Amino acid sequence: MPVYGQPVLTQMCLKSIAKYEPDLPVLVWDDGSPDETMVGRTLSGMVKKMPQLEVVTAEHRGIHGAWNGAVEYALGKYPDLGWIFLLGSDTELTQYKVLEGIANSLPHVGAIHAALYNYDSNGILRVQWSGSRDGQTIETHGLVLSGAVGYDECLESKPQPWVTHSAVLLNVKALKAVKAQRGFYYDDGYRIYCGDRDISYAMRELGYEVWSAANMAVMHYGGQSVATAHGNDRYVWERIDTARLYERWEKVIYSD
């Protein structure tokens, strides 16, 4: 669980993990949160309540650096891990146990993304779906879905072109295969966007599939990492990162 600031949401997320999986080893990777955010004090209090919780405070490297650091650390401590569940600190876990069954039955899958639910400014419950193309919105099953692929199937478990990494189960074999091929897991040349899309395509290039699973779910409290990213305009980074992604994966993106 990478963290940068957001002590209230971090505590909420950790409590949701403890509720569903009280014995699950949990690693919080604090990406150099400023002292004034009170994250350190919050995490110290949570460690006392969650004996399975470990906190690592690292130098601030941004989201992709945090993902890389956390994965490396976890695999160093638990070399026999089969899967890692990467969970954003601005999410609240609402379904988890189904993850294990899906993961064990799909060894050819590199990443499995949970459905992200959130409420928009009008109080309407939405699903932010993985594998999306920009600018697509559809209403189905009484929910508004943003950028869904496979319009009539967007609430079903299915393969996707790519998956976001705000709540994703990662196959360690696939992660290691990506690193063996190109020397890193996540490309920290991306400022804040697109690293999850990039590694999805890299996994697919190696023969793995990426999936979304409708019956795994988290409540998403809104992209707070974007607001704190390098203190820069999010739209500037969006353009830079998108251009980098298209330069590398243009043929794959258009074939999808």
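Residues numbered from 1 in each chain as written. Predicted model: local features only at pLDDT ≥ 70, side-chain atom pairs only at ≥ 80, totals over all residues. Heavy atoms only, no water.

Asker: Can you tell me about the pattern of salt bridges, naming the residues and giving the values?
Answerer: Working definition: two side chains of opposite charge can pair if their charged atoms are close together. A complete count under the given rule lists six salt bridges for this structure. A salt bridge links Lys77 to Glu54; its shortest N-O distance comes to 2.7 Å. Of the two residues, Lys77 is situated in helix α3 (residues 62-77) and Glu54 in strand β3 (residues 53-57); the sequence distance between them amounts to 23 residues. Residue classification places Glu54 among the partly exposed positions, given a relative accessible area of 21%. (Salt bridge = Lys/Arg side-chain N within 4 Å of Asp/Glu carboxyl O. Helix = DSSP H or I, 4+ residues; strand = E, 2+ residues; numbered from the N terminus. Buried < 20%, exposed > 50% of the residue type's maximum accessible area, 1.4 Å probe, protein only.)

Asker: Summarise the side chain of Asp198; cite the residues concerned and give the values.
Answerer: Among the structural elements, Asp198 can be located in helix α6 (residues 195-205). Classification of Asp198 by relative accessible area gives buried; the value is 0%. At 3.2 Å, the side chain of Asp198 forms a polar contact with the side chain of Tyr190. With residues near it in sequence (within four places) discarded, Asp198 still touches Arg182, Asp187, Tyr190, Leu245, Arg248 and Trp249. (Polar contact = N/O pair within 3.5 Å; in protein donor to acceptor, adjacent residues only side chain to side chain. Contact = heavy atoms within 4.5 Å.)

Asker: Which residues make up helix α2 (residues 39-49), and what are the values?
Answerer: For α2, the full list of buried residues reads Val39, Thr42, Leu43 and Met46. Down the axis of α2, the buried side of the element spans an arc of 95 degrees, and every buried residue falls inside it. α2 presents Arg41 and Lys48 as exposed residues on the side facing more than 90 degrees away from its buried surface. Looking at the packing, one finds that the buried side of α2 touches β1 (2-3), α1 (7-20), β2 (26-30) and β3. (Arc of directions from axis to C-beta.)

Asker: Outline the packing of helix α5 (residues 172-182) against α6, listing residues and values.
Answerer: Packing of α5 against α6 leaves a shortest axis separation of 10 Å and a crossing angle of 90 degrees. In terms of orientation, α5 and α6 fall into the roughly perpendicular class. Within the contact between the two elements, α5 uses Ala174, Leu175, Val178, Gln181 and Arg182 and α6 uses Asp198, Ile199, Ala202, Met203 and Glu205. Across the contact of α5 with α6, the residue classes tally to six nonpolar, one polar and three charged. (Axes fitted to C-alpha atoms, helices over the stretch in contact; angles between N-to-C directions. Parallel < 35°, antiparallel > 145°, perpendicular 65-115°, else oblique. Nonpolar A, V, L, I, M, F, W, Y, C, P; charged D, E, K, R; others polar.)

Asker: Provide a residue-level description of the packing of aromatic side chains, including the pertinent values.
Answerer: Evaluated as defined, the whole model comprises five aromatic pairs. Geometrically, the ring pair formed by Trp67 and Tyr186 is tilted, given 4.9 Å between the ring centres and 55 degrees between the ring planes. Of this pair, Trp67 sits in helix α3 while Tyr186 sits in the loop between α5 and α6; the two residues are 119 residues apart in sequence, bridging distant segments of the chain. Like Trp67, the residue Tyr186 is buried in the burial classification. A ring pair is formed by Tyr246 and Tyr254, whose centres lie 6.1 Å apart and whose planes are at 70 degrees; its orientation type is edge-to-face. Tyr246 gets classed as partly exposed once you look at its relative accessible area, which sits at 28%. The aromatic ring of Tyr190 is capped on one face by Arg244, whose charged end is 5.4 Å from the ring centroid. (Phe/Tyr/Trp six-rings, centres within 6.5 Å; stacked < 30°, edge-to-face > 60°. Lys NZ or Arg CZ within 6 Å of the ring centre and 35° of its normal.)

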